[in-house]
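The chain contents come next:
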Amino acid sequence: QECSRVHLATWLRTSARATSCRSSNMAVRALRCKGARGCARITMSSAAQSSGTVPSNEKATRPTVAEECRTIVRNHTFGVLSTISASEPRGFPVGSVVAYADDEAGRPLMFLSTLSKHTHDLQVDEKASFTVAKGLGSAEDARVTLIGSIKRVEDDQEVRRIREAFVQAHPEAFWIEFGDFQPHRMERVLQARYVGGFARAGTAREEEYADAMPDPVAQFTGPVAKHMNEDHEAQTILCVQHFCELEAESAKIVALDRLGMDVQITQEGATRRVRLPFLIPAEDRKAIKDRIVELTKTAAAAQTKTSESPQQSA
């Protein structure tokens, strides 16, 4: 029977009496439910904490829901604006793909044409939602929906700021100079709803979303994951074997952030995802490489030690 999925942070707060962690200074092990195929919950070992060289468990897990939302919004430039139809059929939600940028608080900034129906909808009812997705090819693709009120911005100073941010995100957007395109902004993000894949979803409140920061390494992670998957998959498999205690036929990095990486592994033809947390956050591009090298070196050293043990005992 499938075991219930427990959030890592909750487990960490209640596991003070947990035993039998791996003794390596950078060890991570997966706590697996016996008889279940589905869940691996990863935590840093107590030995790694006691070494004094790594942060606490809580800091080596995942970005918060608010941070995930802010990261997706910051690193994309098109989304789906859903308004409440003011024309027939009235009262139904209608989605339109629009270009956007975001400001320092993560609020979507748009130039909307007065000729468009969604602009007319907003003139009648400011309530709207805005959805941004990493992709639309799989249920595993992360996405976020922001809920709030969208209004036209008329203050000259604010208009200049919105224009600068928008042109930086869309340097080819000559059309914002047309007279019918006017600056709009979601004035308050009342709620951000996040879906990060199967069994990964959450909601960020207004203040949580506004106070969060986008992941500083998100723009670099795609090339890093591509390089690892094409040239160093064997090392990723080794990390999964050592830190998660799972045998894998293949292991592909499908997501990276400053706190760790999600790896999709194949076991006997079936796929699943596991989390490999970094022991120290990666705050820039070089640090991503450093953190991955740390994991692979630790896994390789453990494998060497294991292979030598039988010979020593003999």
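What you see is a predicted model; the values in this text were computed from it and never measured. (Residues numbered from 1 in each chain as written. Predicted model: local features only at pLDDT ≥ 70, side-chain atom pairs only at ≥ 80, totals over all residues. Heavy atoms only, no water.)

**Things to note about the side chain of S129**
At step 1: Note that S129 resides in strand β7 (residues 127-133).
At step 2: When near neighbours in sequence (up to four residues on either side) are disregarded, S129 contacts V80, L81, S82, T145, L146, I147 and M186. (Helix = DSSP H or I, 4+ residues; strand = E, 2+ residues; numbered from the N terminus. Contact = heavy atoms within 4.5 Å.)

**Side note on the nonpolar core**
At step 1: Formed by 27 residues in total, the largest nonpolar core has its most connected members in V240, L256, M261, V263, I265, L276 and I292.
At step 2: For this core, the secondary-structure elements that each account for two or more residues are α7 (218-231), α8 (233-243), β11 (250-257), β12 (260-267), β13 (270-277) and α9 (285-313).
At step 3: Discounting chain neighbours no more than four positions away, the residues touching V240 are E245, L246, A248, A251, V263, I265, V274 and L276.
At step 4: If you look at the next biggest cluster of nonpolar residues, it comprises 24 residues, including A128, V132, L146 and V189. (Core = buried A, V, L, I, M, F, W, Y, C linked by side-chain atoms within 4.5 Å. Buried < 20%, exposed > 50% of the residue type's maximum accessible area, 1.4 Å probe, protein only.)

**A few points about helix α3 (residues 65-74)**
At step 1: Taken across its ten residues, α3 has eight buried, putting it largely inside the fold.
At step 2: Along α3, the positions that sit buried rather than exposed are A66, E67, E68, C69, R70, T71, I72 and V73.

**Section: a nonpolar patch on the surface**
At step 1: Side chains of F78, V80 and V97 sit close together on the surface and give an oily, nonpolar patch of about 280 Å² of accessible area.
At step 2: For F78, the position within the fold is in strand β3 (residues 78-84). (Patch = residues over 30% accessible without salt bridge, like charges linked within 9 Å, V, L, I, M, F, W, Y side chains within 5 Å. Areas by Shrake-Rupley, 256 points an atom, 1.4 Å probe, with all protein chains shown as cover. Salt bridge = Lys/Arg side-chain N within 4 Å of Asp/Glu carboxyl O.)

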